[in-house]
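Residue-level structural notes
Residues per chain, in single letters:
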Amino acid sequence: MTAMTLSEKILAKHAGKPFVRPGDNVWCNIDILMTHDVCGPGTIGVFHKQFGRDAKVWDKNKVVIIPDHYIFTADVMANRNVDTLRQFVREQNLPHFYDVGTDRYKGVCHIALPEEGHTRPGEILLGTDSHTCTAGAFGEFATGIGNTEAGFVLGTGKLWLSVPATMRFVFQGNLPPYLMAKDLILAVIGDIGCDGATYRAMEFDGDGVYALDMEERMTLCNMAIEAGGKNGIIAPDRVTLGYVDARNKSKIAYEVVKSDPGATFMVEKVYDVTKMQPVVAKPHSPDNKAPVREVQGTKLDRAYIGSCTGGKMGDFRGAAKILDGKTVRIDTFVVPATSEIARQLKTERIGSRTLEEIFLAAGAKMGEPSCAACLGGPADTFGRLNEPMSCISTTNRNFPGRMGHKQAQVYLASPLTVAASALTGTITDPRDFVG
Amino acid sequence: MGRIILTPIITGKAFVLGDNIDTDQIIPAQYLTFNPSIPAEYKQFGKYALSSVPPSQAGLPQGHVPFHTTDEFVSDYTIVIAGKNFGCGSSREHAPIALDAAGIKAIVAEFYARIFFRNAVNGGYLVPFMCKTRLCDAVCTGDVLEIDTAAAILRNKTTGEEYRLEPLGEVGPIIDAGGLFSYARQQGMIKT
Ligand code: SF4
């Protein structure tokens, strides 16, 4: 039998074929479909139009609906969209809905999915959001799709997917304390460009990757799309299974899949993480890489720590370590990705203070769990750049207008770099604050 | 959806853009609260199409050309010419929808970001052609173009130049059917 990569093996299995090759178009059975408040209403519209007003979804246990984008806003249309989701969930009697204003409310979908046990090795997860690739951290094939495709999956449980060739990125060595996964992925995107992995799978490997916790692995896979990647993926290990088994409430069986020895990778790039340094992506593209040292001193108006990329517990631990006992020089916004993370910020401590106390004492503003200003959103969105200001952010995109104003200058960086920069009001290397 | 977008000849005026035109530039996030499955709101996307493209990059080679010249919803231009990686960024289907609502019938780019390409094809909004020649340096905004879809040839009526387009390949039948649903019905995959 022909050797296959991890992504190829998952697609072959779900297409009922013994093997697939890159470039093959195959119809796959889908394990989980996720949608949210921005693309959900359109998806539901397609589903009703095509399958009829009384049609039922293919499997209600496989549909996950997570409102997260436009949540804490007075915008009437945004709130109407959440109502559209509510009505659909009622009609279809869907069990996996994380509604706003209830105890079940979660926040950012890509972090909510694993926390609530919807990510498992070997599966195919599709979502109406380009950062659905985040879930590849759990050893599954996860990618973003549009409304029409999602409407099709809702009705049939299937979708055609073309098999991507795999690019392999190997990270060797242990991450020094001044680096985070964000630095690694910004380095990769800077090296290959924001179209460098278009239509490709990006498989991350090496002891440097397996030394990372699940949140950091999610950061790596999250930004695969910023290089144009179809999916990011990391083969499961004990850390993966530990996380998944602790969260897999419905005890759904899954299969651990790894790339075969001898599988073909179209590219292999090896990085020694001990030699890497903190980097930023300068305006207006995630591939506009520069070492922090090269742009240090650049004046900033604002710092933002949040999103599916940079709003997880590990991100806040890193930022709090730097902000502890100090005061920020510029407006600093802290937005936990999910309600679970928001609660943990109130209990986890460094010394005698909780992380939340550290942020507030440093002068940062705390927001509610959601996407918030990561994608701009309605004008009253927490942290939105309503003026042409300069912002350093732990988010994943800095295209013109992404965080609000189209003339705003957004620098993407790790939570460590953002926290260090918040303290000085200029772009600052975290090595100035941590070993 | 299901309407025929792959007509034998597509003609119209060109609106030229550069590389890496991302979905936030095509349709800024603040307008995503409109629901595209409601026809009155679908129309709204046309009004804001390409509204975050920096003015200097809109309507090359000179730039500073407004995309909407006739009324606020529909553009005079019907063919977009672009460089590399058109439609990168978010998965929002609102991006091809905005261009369709604004009256765009076809795009010719060097290549597309994956999700945008799939959305354009599966939703049946417009035809995403690819061309090996860097047309965004060869065509001027306002040039009159004619695409012979069967022969995969683009003719610039203004300059007389001709360019070979990439064949539509495996997605051809889906585009020809008018999108994913019509294709799946043709194939008997879903009942009508
Ligand atoms: S946090 Fe940002 S990138 Fe993540 S899902 Fe929300 S809008 Fe998208």
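Values in this document were obtained by computation on a predicted structure and should not be read as measured data. (Residues numbered from 1 in each chain as written. Chains lettered and ligands numbered in written order. Predicted model: local features only at pLDDT ≥ 70, side-chain atom pairs only at ≥ 80, totals over all residues. Heavy atoms only, no water.)

**What about the overall build of chain B?**
When its secondary structure is counted, chain B shows six helices and seven strands. The order of helices and strands in chain B, counted from the N terminus, is β-α-α-β-α-β-α-β-β-β-β-α-α. Rg of the C-alpha trace for chain B: 16 Å, near the compact-globule value of 16 Å for 192 residues, within the 12% margin. Considered along the principal axes of its C-alpha atoms, chain B spans approximately 50 × 40 × 25 Å. Per-residue burial over chain B gives 62% buried out of 192 residues. Within chain B, contacts between residues separated by at least 24 positions form 68% of all contacts whose residues are at least 6 apart in sequence. About 7,000 Å² of surface is accessible on chain B, with carbon and sulfur atoms providing 52% of the total. A gap of 5 Å separates the mean positions of the 16 positive and 19 negative side-chain charges of chain B. (Helix = DSSP H or I, 4+ residues; strand = E, 2+ residues; numbered from the N terminus. Rg over C-alpha atoms; globule rule 2.2 N^0.38 Å. Buried < 20%, exposed > 50% of the residue type's maximum accessible area, 1.4 Å probe, protein only. Contact = heavy atoms within 4.5 Å. Areas by Shrake-Rupley, 256 points an atom, 1.4 Å probe, with all protein chains shown as cover. Lys, Arg positive; Asp, Glu negative; His and termini not counted. Charge placed at Lys NZ, Arg CZ, Asp CG, Glu CD.)

**Concerning the interface of chain A and chain B**
Residue-level contacts link 50 residues of chain A with 49 residues of chain B. Summing both sides of the interface, chain A and chain B together bury roughly 4,000 Å²; the carbon and sulfur share of this comes to 57%. Broken down residue by residue, the surface that chain A buries against chain B is led by Gln-50, Thr-148 and Trp-160 of chain A, which jointly contribute 15%. Taken together, the links from chain A to chain B amount to three salt bridges. Asp-24 of chain B is the partner of Arg-402 of chain A in a salt bridge, and the nearest nitrogen-oxygen pair spans 3.3 Å. If you look at where chain A meets chain B, you find 24 residue pairs in polar contact (both at pLDDT 80 or more). Put simply, the parts of the chain that give the side of chain A that touches chain B at least two residues each are β1 (25–29), α2 (40–51), α3 (76–92), β6 (141–144), α5 (147–156) and β7 (158–162) of chain A. When residues in the side of chain A that touches chain B are grouped by element, the largest group, seven residues, is from α2 of chain A. Considering only residue class, the side of chain A that touches chain B consists of 20 nonpolar, 19 polar and eleven charged. (Buried area = accessible area lost by both parts, 1.4 Å probe. Salt bridge = Lys/Arg side-chain N within 4 Å of Asp/Glu carboxyl O. Polar contact = N/O pair within 3.5 Å; in protein donor to acceptor, adjacent residues only side chain to side chain. Nonpolar A, V, L, I, M, F, W, Y, C, P; charged D, E, K, R; others polar.)

**Points about the nonpolar core**
Within the largest apolar cluster, 201 residues are counted, with the highest numbers of intra-cluster contacts made by Phe-171, Phe-204, Leu-220 and Phe-359 of chain A together with Ile-81, Phe-86 and Val-108 of chain B. Both domains that meet at this core, namely domain 1 (6–250 + 265–270) and domain 2 (280–432) of chain A, each give it at least three residues. Aside from chain neighbours lying at most four places away, what touches Phe-86 of chain B is Leu-17, Ile-21, Ile-26, Val-80, Leu-99, Ile-107, Ala-109, Phe-111, Tyr-112, Ala-113 and Phe-116 of chain B. Core analysis: the next-biggest nonpolar cluster, separate from the first, contains eleven residues, Met-34, Tyr-98, Ala-112 and Ala-135 of chain A among them. (Core = buried A, V, L, I, M, F, W, Y, C linked by side-chain atoms within 4.5 Å. Domains from an automatic or database assignment.)

**So, the sheet that holds strand β6 (residues 153–156) of chain B**
All names here are of chain B. Across the sheet, which stays open at both edges, the seven strands sit in the order β4-β3-β2-β1-β5-β6-β7 with mixed pairing between neighbours. Only two strands of the sheet have a single neighbouring strand rather than two, namely β4 (127–130) and β7 (162–164). Sheet twist, expressed as the average angle between the axes of neighbouring strands with direction ignored, equals 30°. (Pairing = 2+ DSSP bridges. Axes fitted to C-alpha atoms, helices over the stretch in contact; angles between N-to-C directions.)

**A few points about the sheet that holds strand β9 (residues 201–205) of chain A**
Residues and elements named next belong to chain A. A sheet is described by the order of its strands in space; here four strands give the open sequence β10-β9-β8-β11, paired in parallel fashion. One side of each edge strand has no neighbouring strand; the edge strands of this open sheet are β10 (231–233) and β11 (267–272). Across the sheet, the mean angle separating the axes of adjacent strands is 20° when strand polarity is ignored. Across three bridges, β9 lies against β10 in parallel orientation. From the neighbouring strand, Ala-201 faces β10, where its bridge partner is Asn-231.

**Some words on the packing of helix α6 (residues 181–192) of chain A against helix α8 (residues 214–222) of chain A**
Residue and element names in this part refer to chain A. Two elements in contact, α6 and α8, have axes separated by 9 Å at closest approach and are oriented at 20°. The pairing of α6 with α8 is recorded here as roughly parallel in orientation. Here α6 runs over α8; the crossing is right-handed. Note on element contacts: α8 touches α6 through Glu-216, Thr-219 and Leu-220, opposite Ala-181, Lys-182, Leu-184 and Ile-185. (Parallel < 35°, antiparallel > 145°, perpendicular 65-115°, else oblique. Left-handed = near helix turned anticlockwise from the far one by under 90°.)

**Some thoughts on the site of the ligand**
Residue and element names in this part refer to chain A. The local shell around the ligand consists of His-69, Val-108, His-110, Asp-129, His-131, Ser-307, Cys-308, Cys-371, Cys-374, Leu-375, Asn-396 and Arg-402. Tallied by class, residues from the shell around the ligand come to five nonpolar, five polar and two charged. Each of domain 1 (6–250 + 265–270) and domain 2 (280–432) gives at least three residues to the shell around the ligand. (Near = heavy atom within 4 Å.)

**So, the pairing of β1 of chain A**
The two faces of a sheet get side chains in turn, since along a regular strand they alternate between them. Residues and elements named next belong to chain A. Burial along β1 is one-sided: Val-26 and Cys-28 are buried, and none of Asn-25, Trp-27 and Asn-29, which face the opposite way, are. By the bridge criterion, five bridges tie β1 to β7 in an arrangement that is antiparallel. Following the sheet pairing, Asn-29 is matched in β7 by Lys-158.

**So, the domain arrangement of chain A**
Residues and elements named next belong to chain A. The domain boundaries assigned to chain A delineate domain 1 (6–250 + 265–270) and domain 2 (280–432). Each of domain 1 and domain 2 was reduced to a C-alpha centroid, and the two centroids are 24 Å apart. Listed per partner, the contact involves 40 residues of domain 1 and 39 residues of domain 2. For the pairing of domain 1 and domain 2, the buried interface totals around 3,200 Å² over both sides, and the portion due to carbon and sulfur atoms is 59%. Run the count over domain 1 and domain 2 and you get 23 residue pairs in polar contact (both at pLDDT 80 or more). When contributions to the side of domain 1 that touches domain 2 are tallied by element, the ones reaching two or more residues are α4 (109–115), α6 and α8. Looking at which element gives the most residues to the side of domain 1 that touches domain 2, the answer is α6, with seven residues.

**Remarks on the packing of aromatic side chains**
The relation between two aromatic rings is expressed through the spacing of the ring centres and the mutual angle of the planes. Residues and elements named next belong to chain B. Here the structure, examined in full by the defined rule, presents 22 aromatic pairs over all chains. A ring pair is formed by Phe-15 and Tyr-77, whose centres lie 5.0 Å apart and whose planes are at 55°; its orientation type is tilted. Placement of Phe-15 in strand β1 (residues 9–16) and of Tyr-77 in the loop between α2 (39–48) and β2 (79–81) is noted, with a sequence separation of 62 residues between them. With respect to class, Phe-15 is no different from Tyr-77; both count as buried. Arranged with centres 5.9 Å apart and planes meeting at 85°, the rings of Phe-34 and Phe-45 form a pair that is edge-to-face. Of this pair, Phe-34 sits in the loop between α1 (23–26) and α2 while Phe-45 sits in helix α2, placing them eleven residues apart in sequence. Given a relative accessible area of 15%, Phe-34 falls into the buried group. (Phe/Tyr/Trp six-rings, centres within 6.5 Å; stacked < 30°, edge-to-face > 60°.)

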